[in-house]
Amino acid sequence: MSERFVLATHNPAKLREMREILSELGLEVISPEEAGVAVDVEETGTTFAENAMLKAKALCAATGLPAIGDDSGLCVDVLNGGPGVYSARYGGEDITDAQRNNLLLESVKGQGRRDAHFTCSIACAFPDGDTLTAEEHCHGVISYIPLGTGGFGYDPIFNYPPKLKTFAQMTPEEKSEVSHRGKALRAFAEALGAYLSERAWKELEAEKERQPGEADAAPESAEPQTVPEVSEAVPDAPEVVPETPEKSEPVPEAAKNPQTPRTPTHHHHKKKKHKKHH
Ligand code: IMP
C-alpha cells in the first residue's frame, strides 16, 4: 500500500500540484477533508518556514498521518522584506489582488531600488516527530505597472529579469521552472525521496537485527553448488544484501544519497536538531 500524506490546504490547485509531484515517488496525497479533519491553523510564525511547520505539525497531530504544510509570499527590499508573511493580507483581507498590487506599487514609488523575491517554504511532519523542510526563492524586481493576465496574487507586478517578463506574462510551465514554488516543490520531493529511502534502509537493518543470522545465512547455504568454479570472480553475497557498516550506526549521507539536495534538510526527532528560524 502506498504511503499517504495529508496536505494542509483548501486550495485544489495546490493539492493537484503536490499530488502530481509526489505520485512520481508512488506516494498518495489527500486533503484534510479526505482525512476527516478540519484544521485551520493560525499563521502566527514570523517566517515562512515557521508557518509551514506549524501547519504540518498541527495536521499531523490531528490525523496521525505524515502531513505537509507550506507558506509563501513576496519580500520587497525597500519595504524591509514586507509584505513577507503578511503577503496574503497586505492592505487588508477584503481588497482584490489588483488593489493590493496598486498599493504595493504606490509604496515602492520613488524609492529607487525595486528588488524583491518570492519565497516558498514546505515542511513535512511525521508522527514519530521527524521533520523535513525545503525552501526556495525567486529573485526579481517590482515592475512599474501591472503586466500580464496569467497567474494570481502579485504575479502582474513581479518582473523576472532573465525572461524580461512578469510572472503573469508567463505560461504556468514557464513560471514553474523558475518560481520559488516550482523549485521548492522539486527540492521537497527530492528530499522526501531521500528521507524515505534512508528510513526503509534503517527498517531493513532493524529487521536483520531482530532476526540475526537468517538474512545472512540464507543466500550462502542455498548457493554453494551453483557457483563452484567461478566463485572467486563473482562478487560476494553482500552485493545483494548491503553490508552493515556498523551495527545501528547511521549510514553516511554521501554513501546513500550522493545527490542529497542542498537546501532541504531533515531532522530526526531524537537528535533535537531543529533549525531555528528567526
Ligand atoms: P500562500 O502561501 O498560498 O498562503 O500565499 C501567500 C500569498 O503570497 C498569496 O496570497 C499571494 O499574495 C502571495 N504569493 C505567493 N506565491 C505567489 C506567486 O507565485 N505569485 C503571486 N503571489 C504569490
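Structure: see above.
Residues numbered from 1 in each chain as written. Predicted model: local features only at pLDDT ≥ 70, side-chain atom pairs only at ≥ 80, totals over all residues. Heavy atoms only, no water.

A. Quick peek at unusual backbone geometry. Cis geometry marks the peptide bond from Gly-82 to Pro-83; its omega dihedral reads -5°. Mapped onto the secondary structure, Pro-83 falls in strand E4 (residues 82–83). Notably, Asn-80 is not glycine yet its phi reads approximately 55°, a positive angle. When its relative accessible area of 76% is taken as the criterion, Asn-80 is described as exposed. Notably, Leu-164 is not glycine yet its phi reads approximately 50°, a positive angle. Owing to a relative accessible area of 72%, Leu-164 belongs among the exposed residues under this scheme. (Helix = DSSP H or I, 4+ residues; strand = E, 2+ residues; numbered from the N terminus. Buried < 20%, exposed > 50% of the residue type's maximum accessible area, 1.4 Å probe, protein only.)

B. The site of the ligand, seen in detail. The full set close to the ligand counts 13 residues, and Lys-14, Ser-72, Asp-155, Lys-175 and His-180 are the nearest of them. One nitrogen or oxygen atom from the main chain of Tyr-154 is found 3.2 Å from a nitrogen atom belonging to the ligand. In the model, a nitrogen atom of the ligand is placed 3.1 Å from a nitrogen or oxygen of the His-180 side chain. Tallying contributions element by element places strand E3 (residues 67–76) first for the shell around the ligand, with three residues. Its residues assigned to classes, the shell around the ligand shows four nonpolar, five polar and four charged. (Near = heavy atom within 4 Å. Polar contact = N/O pair within 3.5 Å; in protein donor to acceptor, adjacent residues only side chain to side chain. Nonpolar A, V, L, I, M, F, W, Y, C, P; charged D, E, K, R; others polar.)

C. Structural detail: the pairing of strand E1 (residues 4–7). Of the pairings in the sheet, the one linking E1 to strand E2 (residues 28–30) comprises three bridges and is parallel in character. Bridge pairing in E2 places Val-6 opposite Ile-30. Tracing the backbone out of E1, into helix H1 (residues 12–23) and back to the parallel element E2 gives a crossover that is right-handed. With two bridges connecting them, E1 and E3 associate as parallel partners. (Pairing = 2+ DSSP bridges. Right-handed = clockwise from strand over helix to strand, strands pointing away.)

D. Here's a closer look at the pattern of salt bridges. In total, this model carries 15 salt bridges according to the counting rule given. Of the charged contacts in the structure, one is a salt bridge between Arg-19 and Glu-34, with a shortest N-O distance of 2.9 Å. In this pair, Arg-19 sits in helix H1 while Glu-34 sits in the loop between E2 and helix H2 (48–63), placing the two residues 15 residues apart along the sequence. Among the salt bridges present, the one from Asp-97 reaches Arg-100, with a minimum N-O distance of 3.6 Å. Note that Asp-97 and Arg-100 are positioned in helix H3 (residues 97–108) at a spacing of three residues, about one turn of the helix. (Salt bridge = Lys/Arg side-chain N within 4 Å of Asp/Glu carboxyl O.)

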